[in-house]
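The residues making up each chain are set out below.
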Number of protein chains: 2
Amino acid sequence: MRVSLKDVAERAGVSVKTVSNVVNDYPHVTPAMRARVQSAIDELGYRPNLTARHLRKGRTGIIGLAVPELGNSYFAELAGAVIDAAAQHEYTVLLDHTQGQREQEILVCQGFRARVMDGLILSPLELETEDLAARRDDVPLVLLGERRYDLPYDHIVIDNIAAARAAVRHLLALGRRRIAFLGARRDHSHQPAHLRFIGWQAELAASGVAVDDRLVATTSGWGHEDGARAMAALLDSGERPDGVFAYNDLVALGAMRVMFERGLRVPEDIAVVGFDDVTESRYAAVTLTTVSPDKEAIARLAVESVVGRLKGDQNHEAPRAARLLQPGFTLVERESTLGRRPHSF
Amino acid sequence: MRVSLKDVAERAGVSVKTVSNVVNDYPHVTPAMRARVQSAIDELGYRPNLTARHLRKGRTGIIGLAVPELGNSYFAELAGAVIDAAAQHEYTVLLDHTQGQREQEILVCQGFRARVMDGLILSPLELETEDLAARRDDVPLVLLGERRYDLPYDHIVIDNIAAARAAVRHLLALGRRRIAFLGARRDHSHQPAHLRFIGWQAELAASGVAVDDRLVATTSGWGHEDGARAMAALLDSGERPDGVFAYNDLVALGAMRVMFERGLRVPEDIAVVGFDDVTESRYAAVTLTTVSPDKEAIARLAVESVVGRLKGDQNHEAPRAARLLQPGFTLVERESTLGRRPHSF
DNA sequence: CACATCTTGTATAACGTTGGAAACAAGGGC
DNA sequence: GCCCTTGTTTCCAACGTTATACAAGATGTG
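Reading the values: the criteria
Residues numbered from 1 in each chain as written. Chains lettered and ligands numbered in written order. Predicted model: local features only at pLDDT ≥ 70, side-chain atom pairs only at ≥ 80, totals over all residues. Heavy atoms only, no water. Axes fitted to C-alpha atoms, helices over the stretch in contact; angles between N-to-C directions. Helix = DSSP H or I, 4+ residues; strand = E, 2+ residues; numbered from the N terminus. Parallel < 35°, antiparallel > 145°, perpendicular 65-115°, else oblique. Left-handed = near helix turned anticlockwise from the far one by under 90°. Contact = heavy atoms within 4.5 Å. Nonpolar A, V, L, I, M, F, W, Y, C, P; charged D, E, K, R; others polar. Near = heavy atom within 4 Å. Polar contact = N/O pair within 3.5 Å; in protein donor to acceptor, adjacent residues only side chain to side chain. Least-squares fit on C-alpha atoms with pLDDT ≥ 70 in both.

Q: Looking at this structure, I do not really get the packing of helix α10 (residues 224-236) of chain B against helix α11 (residues 249-261) of chain B. What am I missing?
A: Between two packed helices, what matters for the description is the angle formed by their axes and the separation of those axes. Residues and elements named next belong to chain B. Running from N to C, α10 and α11 cross one another at 50°; their axes reach a closest spacing of 6 Å. It follows that α10 is oblique to α11 by the angle criterion. The chirality of how α10 crosses α11 is right-handed. Together, His224, Gly227, Ala228, Met231, Ala232 and Leu235 of α10 and Leu250, Val251, Leu253, Gly254, Ala255, Val258 and Met259 of α11 make up the contact between the two elements. Here the residues of the contact of α10 with α11 sort into ten nonpolar, three polar and no charged.

What follows is the structure, encoded as structure tokens:
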């Protein structure tokens, strides 16, 4: 049987509220009284019932974090960072994964998967603007990741176009001219349509290199398997790229596996750049050059954004305008793009 | 402003409890009444306040899961499986990570990190029996993973000794005789002391192969980096193993990276076997032979164990005795051990 | 037709906590 | 000795839900 404030109060011979005051470090409690109550607390092993506290206070101290897939190390590493950042603000994290499915993302952002959260950090893949616009739930929501929505929610994301351009520029600087893009996703109009793809396109165009659609490989997901399949299909179609920019590291590594199988050397035959800088990339047989987003900053900004809104709500402030926050990134050069280059990046 | 049962009740002109009955599908409600209340619910967009429900019912519907490190794909993948398994029982998962630090593991199992959980699944690394014995918290606890405690808690774990022996047997069958163990952990008496190590030792002994301490490399953690460092140290010491059994896949892959750097071929010069079967192992330049625990089974059993105890508590049943549950495993053979073998495994 | 039985809805009291108001001391100035 | 101030503790009412006990109406039975 759990011990409550009432039990402690009886034991110490004081009122329930006094015990509560001690527990909450309310300043106007005499040291003598504090000691007396504290010893009763210790003797009985009292632990506050958070649920009751939550009910009373109207908040739970729980932030939800929904990512597509924990099996993708990027999200796993990010989740770890979010948990730590949340702990700094005395919040705990309820983690969910959506498998990158629109249905699940809708459920999550509507709060149907877990309705205990004070705030929600969502990294959407398939969610559409209309889904988000139809959102009924009133818990603060912060968006992570590459997709853009024109809606009043804070959005934390690195400059994907700039990052992609830096990656492609790096490949161009190596003298590569047939640079494939692996991991395009198609929108309703069947055009590849995400920022990393746009960056690839833009940088090629800016450098006067022809943008060749045959070098664009679409995938259904963004894991090793998808990268491997895409690369195999590309090579089977007779294309022979000398550079590959992949949507993320997993796609890049999956693609590299296929290159090894077919006797293609990295970077001699094909130079490869990924995106995310997952740990795995630093230990591959050929280590992977990649765009490294500042995960800690992303996590910190996301948590601060949610927590900031919660504080605002609490103080009955007028809601802040939605912000676009852009943490930094770096291009980490590793073996997959080693080689003589005309000039340094 | 959130809408409560009371608001709905006023709108529908019925009592609060009747609305509650409708919400909870209480059987004795006339269809007419149900419809009337339901439409009031829909009009106002009522959503039950879970915190209040939790307070009243004495449970939260949240299970805690604490793993050492989300950056290790094994735990990330396992966490994903646990989330799914918990969802089947209408539980949500609060995820925490302990960095494999004893202090943090103690905090978690004492319930200090998050006191909202009905039950807890913990995968300990450094936690000692005495820490666990000193546990005050009364929420059901289930243990995962290799460490063994002689305490009345359900424990879900594959047969690590048998699995390790199968791995080593596989290497022996390839004709390897100098088989290193990478990733030993040392206990207080400074002896490597975990089941995978014991399995390695046992299988060597059973096959009449000398157990050579110089082939045992201890590490501080179990990531890529630790594997790389351990392998480098082993090679630097002048040892030249022809087989490596690693504590887990990350250690194996980190070690393989070092082998590549030093021009050692896998499997020709050194055959390698890992443990965990993380996705990464299937796409490495040399794919990794590994012990594949049934993660879904582990997750399912863990959740069922916790949920079962919760149900038991609710029905005031006498607590079940602690159980040791052993899901299955398979040895997945890949390129890192390919080669002619005297007989099939 | 009175009485028991079953069905459906209602009033009220919890669950454990905290915020605010009220009550009570103690001390100081007049 | 009285009033006022200041500081400390207590009392009461919430927070939103569900369980229990009960009332009221409907149905069946002798």
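Now that the structure has been shown, we can carry on.
Q: Can you walk me through the protein's contact with DNA strand C in this structure?
A: Around DNA strand C, 23 residues are found, and the nearest of them are A:Leu5, A:Ser20, A:Tyr46, A:Arg56 and B:Thr18. Each atom of DNA strand C within 4 Å of the protein was assigned to sugar, phosphate or base; sugar and phosphate come to 67%. Within the side chain of B:His28, an N or O atom sits 3.4 Å from a phosphate oxygen of DNA strand C. If you list the elements that add at least two residues to the surface near DNA strand C, you get α2 (16-23) and α4 (50-57) of chain A together with α2 (16-23) and α4 (50-57) of chain B. Each residue belonging to the surface near DNA strand C can be placed in one class, and the counts come to eight nonpolar, nine polar and six charged.

Q: Which parts of the structure should I look at to understand the protein's contact with DNA strand D?
A: Taken together, 23 residues are adjacent to DNA strand D, and A:Thr18, B:Leu5, B:Ser20, B:Tyr46 and B:Arg56 come closest. Near-protein atoms of DNA strand D (within 4 Å) split between backbone and bases, with sugar and phosphate holding 66%. In the model, a phosphate oxygen of DNA strand D is placed 3.1 Å from a nitrogen or oxygen of the A:Ser15 main chain. One of the side-chain N or O atoms of A:Thr30 is found 2.9 Å from a phosphate oxygen in DNA strand D. A per-class count over the surface near DNA strand D returns nine nonpolar, nine polar and five charged.

Q: Looking at this structure, how should I read unusual backbone geometry?
A: Of the consecutive residues A:Val266 and A:Pro267, the connecting peptide bond is found in the cis state with omega at 5°. Note that A:Pro267 resides in the loop between α11 (249-261) and β9 (271-275). Of note in the backbone geometry, A:Gln99 takes a positive phi value of approximately 55° without being a glycine. Residue placement: A:Gln99 occurs in the loop between β2 (92-97) and α6 (102-109). Phi angles above zero are rare outside glycine, and B:Asp277 is one such case at about 55°.

Q: It is not clear to me how the relation of the copies chain B and chain A should be interpreted in this structure. Could you clarify?
A: One copy of the chain maps onto the other through a rotation about an axis followed by a shift along the same axis. Placing chain B over chain A gives an RMSD of 0.1 Å and needs a rotation angle of 180°, together with 0.0 Å of translation along the axis. Taken together, these values place the two copies in the relation of a two-fold axis. Taking C-alpha positions as the reference, the residue of chain B nearest the rotation axis is B:Leu94, at 2.2 Å. A high fraction, 100%, of the interface residues of chain B reappear at the interface in chain A, so the copies pair face to face through one surface.

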